[in-house]
Amino acid sequence: QQKVQQSPESLIVPEGGMASLNCTSSDRNVDYFWWYRQHSGKSPKMLMSIFSNGEKEEGRFTVHLNKASLHTSLHIRDSQPSDSALYLCAASSAGNKLTFGIGTRVLVRP
Amino acid sequence: EAAVTQSPRNKVAVTGGKVTLSCNQTNNHNNMYWYRQDTGHGLRLIHYSYGAGSTEKGDIPDGYKASRPSQENFSLILELATPSQTSVYFCASGEGSQNTLYFGAGTRLSVL
């Protein structure tokens, strides 16, 4: 069973719309969460990280973290076709080892 | 930006053959990682290293060995390749417990 669960598996969003992605860890030792973005045929690149409870905003992207429930969410507002990609949630607990979820595939339709 | 270079980019191997995937980083990061990515499984950690001379088993180490001869280089070795090891392999480097991982471009391996 995946220790990092993501939902939904896929998402279609109209251009200019809001995309909301969810991620939950089943490992209670998790300390840190990341969101990576992977365009088709490319390697993953870190999009945002969050280590404390609350919210963090960078441009059109906002992440939330609830450490009690080990849940993080990523919200993309004013979605653009260039946002179409696989979004990977990652979490780390002991040491520096990251565990990734399967990902949410986002398609932004013009 | 951090640089991680993988070679080869594509590889076709025969079942039972030996395959070596190489990774070089110029970031001077202590930590390096090997992941494989398969549809339905996401990125899974095979081996990782905290520095030259060290290797640690990840979540799916069976059938793989790793070597970290220097700070810059980290290799993944398949001694007896099997078709189930057909996948895309990513190397990454990072630093510290809050480290961002920097990924290489990936190696597409087909074992026939």
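Check the entry above for the structure.
Residues numbered from 1 in each chain as written. Chains lettered and ligands numbered in written order. Predicted model: local features only at pLDDT ≥ 70, side-chain atom pairs only at ≥ 80, totals over all residues. Heavy atoms only, no water.

Would you take a moment to explain the environment of Val111 of chain B for this structure?
Residues and elements named next belong to chain B. The topology assignment puts Val111 in strand 11 (residues 107–111). By relative accessible area, Val111 is classed as buried at 5%. The spatial distance from the C-alpha of Val111 to the C-alpha of Val14 is 5.5 Å, given a sequence separation of 97 residues. The residues touching Val111, leaving out its near neighbours within four places in the chain, are Ala13, Val14, Thr15, Ala81, Thr82, Pro83, Gln85 and Thr86. (Helix = DSSP H or I, 4+ residues; strand = E, 2+ residues; numbered from the N terminus. Buried < 20%, exposed > 50% of the residue type's maximum accessible area, 1.4 Å probe, protein only. Contact = heavy atoms within 4.5 Å.)

What exactly am I supposed to notice about the state of the cysteines here?
By definition, a disulfide links the sulfur atoms of two cysteine residues through a covalent bond. For the coordinates displayed, the defined rule picks out two disulfides over all chains. Disulfide pairing is shown between Cys23 of chain A and Cys89 of chain A; the S-S distance is 2.0 Å. Torsion about the S-S bond of the Cys23 of chain A and Cys89 of chain A cystine: about -75 degrees, corresponding to left-handed handedness. Of this pair, Cys23 of chain A sits in strand 3 (residues 19–25) while Cys89 of chain A sits in strand 9 (residues 85–92), and the two are 66 residues apart along the sequence. For Cys23 of chain A, a relative accessible area of 0% translates into the label buried. The disulfide bridge from Cys23 of chain B ends at Cys91 of chain B, spanning 1.9 Å between sulfur atoms. Here the S-S torsion is close to -80 degrees, and the disulfide linking Cys23 of chain B with Cys91 of chain B is therefore left-handed. With Cys23 of chain B in strand 3 (residues 19–25) and Cys91 of chain B in strand 9 (residues 87–94), the pair connects residues that are 68 residues apart, well separated along the chain. (Disulfide = S-S within 2.5 Å.)

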